[in-house]
Amino acid sequence: MLNRRQALGLLALGPAMAAFGGPNVLSAERRLPIVFVHGNGDTAGLWITTIWRFESNGYPRSLMHAVDLRYPLARTKDDTPQEGRSSTADAMQQLAQEVAMVRKRTGAPKVILVAQSRGGNTVRNYIKNGGGAAVVQTAILCGCVNHGVVVSDKVLVGSEFNGASPFMRDLNSTPGEVVPGVRFFTIRSDKNDKFAQTDGKVFGLPGPTGLSYDAPELKGATNIVLPGIDHRETGYAPEAFAAMYRAITGHDPAMLDIAVEKHAVLAGKVSGFEAGAQTNIGVGGASVEIYEVSPKTGERRGRAVHSKKTGADGQWGPFEVGPDAYYEFVVGVPGNPITHIYRSPFARSSGYVNIRPQPFGKGDSEAGAVVYMSRPRGYYTPGRDVVLLDGQVPAAIPPGVGTISLVKVNAAAPSRSVEGIVNQEGIVARTWPVKENRVSVIELTY
């Protein structure tokens, strides 16, 4: 079994690895486009480090595309319209459009689909019911809720996340639970995936789920277990990348680290909320300013190095970054707090540096300043991760399975430095006055 962060631990997967080989494995000359599909409420930006690792191992940037689902949150009931949310049919239709666009741009006969969490529902639905079987060579499903998060006639009734729903029963109705002609792989945790548990208490539905830790597996697929990783890390951790890379190429990656690009250029969109739900629709008229800051104090080093008011598409770039520079992104979206986002240096170029403002939470209005620490590509798991915010272990992190990716500290006074540390990544932010409608966010990359 793999140990966390073990570079070539894929060899420990034993007989299951045999399925990676064979005539379908792609040589460098026959590489197909990879289309990445994010999970519930997320954005294409979560795939940045995965794409960087593929690039660092020679996979062409031009052959990788990450989908930004316009309405990334699923409906409460799949067949009932809900403002700001998407149905399984909505998500499948957008994926079909994106795949067609990628195939037209690249001239490729087929694509590889990599999905995380809810994205697996979209990918499987597209392959089974949307014509995808004819144009998909390989599907890699990471922490995907392939049998739901519960199997129940009492909770999540009508949800695509219920294993008893007509939608989920249809997906799993084929012999072997996969579609013939497409190579299927699943990547899952052993016991640390919040949505693959015997008891639903970790995601707010106490009681038996009718499932177990192996719920993300599919009969007929090559099923890979990566011990210790959490729900998000099934798609975004280095060892998850290694499993994807081997599934696609048939051999281990040369490196798990990210090779630094000399001239990196960033771009992305500003998005917001609709009916209280996150969207990936660009916001026009948003302001974005970028400042280089001190890695030790978070204080600005001079004037803004980039400033833009977004057009209708919400795009805020392009912007060329220094390879060792720490940055503060200041985003202003009408009706939301002015958000100061502090980031680690960007190792490579990306067009998926998406930004959303951070809403105030409970009790924030009474604080002098508030600093959030967000880990988009993983959860905080006690006993596994070193997590410090302003010198303290955040009290909000529950014991056991990793379940949350956002913590905060209410600072007594503004205009000071606050450091956030998770394992080997540390970022220092400055606090800003809540009374000026400002909030700080430490956004972790790794």
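This text goes with the structure placed above it.
Conventions adopted
As a convention, each chain's residues are numbered from 1 in the sequence order in which they are written. Two thresholds apply to this predicted model, a pLDDT of at least 70 for residue-level local features and 80 or more for giving and counting side-chain atom pairs, whereas whole-chain, interface and lining totals are computed over all residues. Hydrogens are left out, water is left out, and the side-chain values use all remaining heavy atoms of the structure. Working definition: rings of Phe, Tyr and Trp (its six-membered ring) pair if their centres are within 6.5 Å, and the pair is stacked with planes under 30 degrees apart, edge-to-face with planes over 60 apart, and tilted otherwise. Note on conventions: DSSP H or I runs of at least 4 residues are helices, E runs of at least 2 residues are strands, and numbering of each starts at the N terminus. Burial here depends on accessible area, computed with a 1.4 Å probe over protein chains only, as a share of the maximum for the residue type. Under 20% is buried, over 50% is exposed, and the range in between is partly exposed. By definition, being over a ring means that NZ of Lys or CZ of Arg is both within 6 Å of the ring centre and within 35 degrees of the ring normal. Strand pairing is defined by DSSP finding a minimum of two bridges between the two strands. Interaxial angles span 0 to 180 degrees and are taken between N-to-C directions of axes, which are lines fitted to C-alpha atoms, for helices over the stretch in contact. Two residues qualify as a contact provided that any one of their heavy atoms is within 4.5 Å of a heavy atom in the partner residue. Angles are sorted into four bins: roughly parallel if under 35 degrees, roughly antiparallel if over 145, roughly perpendicular if 65 to 115, and oblique for all others. Residues are grouped as follows: Ala, Val, Leu, Ile, Met, Phe, Trp, Tyr, Cys and Pro are nonpolar; Asp, Glu, Lys and Arg are charged; every other residue, Gly included, is polar. Basic side-chain nitrogens of Lys or Arg form a salt bridge, by our definition, when they fall within 4 Å of a carboxyl oxygen of Asp or Glu. Under the convention used throughout, the expected extent of a helix is 1.5 Å for every residue step, that is, one less than its residue count.

1. What about the packing of aromatic side chains?
Working definition: an aromatic ring pair is given by the centre-to-centre distance plus the angle between the planes.
Next up, step 1: Counted according to the given criterion, the structure contains 11 aromatic pairs.
Next up, step 2: Between Phe329 and Phe346, the ring centres sit 6.1 Å apart and the planes meet at 65 degrees, which makes this aromatic pair edge-to-face. One end of the pair, Phe329, is in strand E13 (residues 326-332); the other, Phe346, is in the loop between strand E14 (338-343) and strand E15 (369-374), with 17 residues separating them in the sequence.
Next up, step 3: When its relative accessible area of 2% is taken as the criterion, Phe329 is described as buried.
Next up, step 4: An aromatic cluster of at least three residues, connected via ring pairs, comprises Phe36, Trp47, Phe54, Tyr59, Tyr236, Phe241 and Tyr245.
Next up, step 5: The ring centre of Tyr291 lies 3.7 Å from the NZ or CZ of Arg300, which sits over that ring.

2. Observations concerning the sheet that holds strand E6 (residues 222-225)
Next up, step 1: In space, the six strands of this open sheet follow the order E2-E1-E3-E4-E5-E6, with parallel pairing throughout. If you trace the sheet from one side to the other, it starts and ends with strand E2 (64-67) and E6, each paired once. Put simply, the sheet's adjacent strands are angled 15 degrees from each other on average, direction ignored.
Next up, step 2: Bridging between strand E1 (residues 34-37) and E2 involves four bridges; their strand directions are parallel. The residue bridging Val37 from the neighbouring strand is Val67, located in E2.
Next up, step 3: Sheet contacts for helix H3 (residues 118-129): E1, strand E3 (111-116), strand E4 (136-142) and strand E5 (183-188); angle to E3, the most-contacted strand, approximately 145 degrees.
Next up, step 4: Sheet strands in contact with helix H6 (residues 238-249) are E1, E3, E4, E5 and E6, and its direction is about 165 degrees off that of E5.

3. So, the packing of helix H2 (residues 88-106) against H3
Next up, step 1: At a minimum axis distance of 9 Å, the contact between H2 and H3 shows a crossing angle of 70 degrees. Between H2 and H3, the angle falls in the class roughly perpendicular. Mapping the contact onto sequence places Thr88, Ala91, Met92, Leu95, Ala96 and Val99 in H2 and Arg118, Thr122, Val123, Asn125, Tyr126 and Asn129 in H3.
Next up, step 2: Residue composition of the contact of H2 with H3, by class: seven nonpolar, four polar and one charged.

4. Comments concerning the pattern of salt bridges
Next up, step 1: A complete count under the given rule lists 22 salt bridges for this structure.
Next up, step 2: Between Glu436 and Arg438 there is a salt bridge, with the nearest N and O atoms lying 3.4 Å from each other.
Next up, step 3: We classify Glu436 as partly exposed; its relative accessible area is 44%.
Next up, step 4: Because the salt bridges share partners, they merge into one network encompassing Asp230, Glu233, Arg375, Arg384 and Asp385.

5. So, H6
Next up, step 1: The end-to-end C-alpha distance of H6 is 16 Å, a good match for the 16 Å that 12 residues give at a rise of 1.5 Å each.
Next up, step 2: Of all 12 residues in H6, 12 are buried, a share of seventy percent or more.
Next up, step 3: Among all positions in H6, only Pro238, Glu239, Ala240, Phe241, Ala242, Ala243, Met244, Tyr245, Arg246, Ala247, Ile248 and Thr249 are buried.
Next up, step 4: Residue Gly250 follows H6 closely and has a positive phi angle near 90 degrees.

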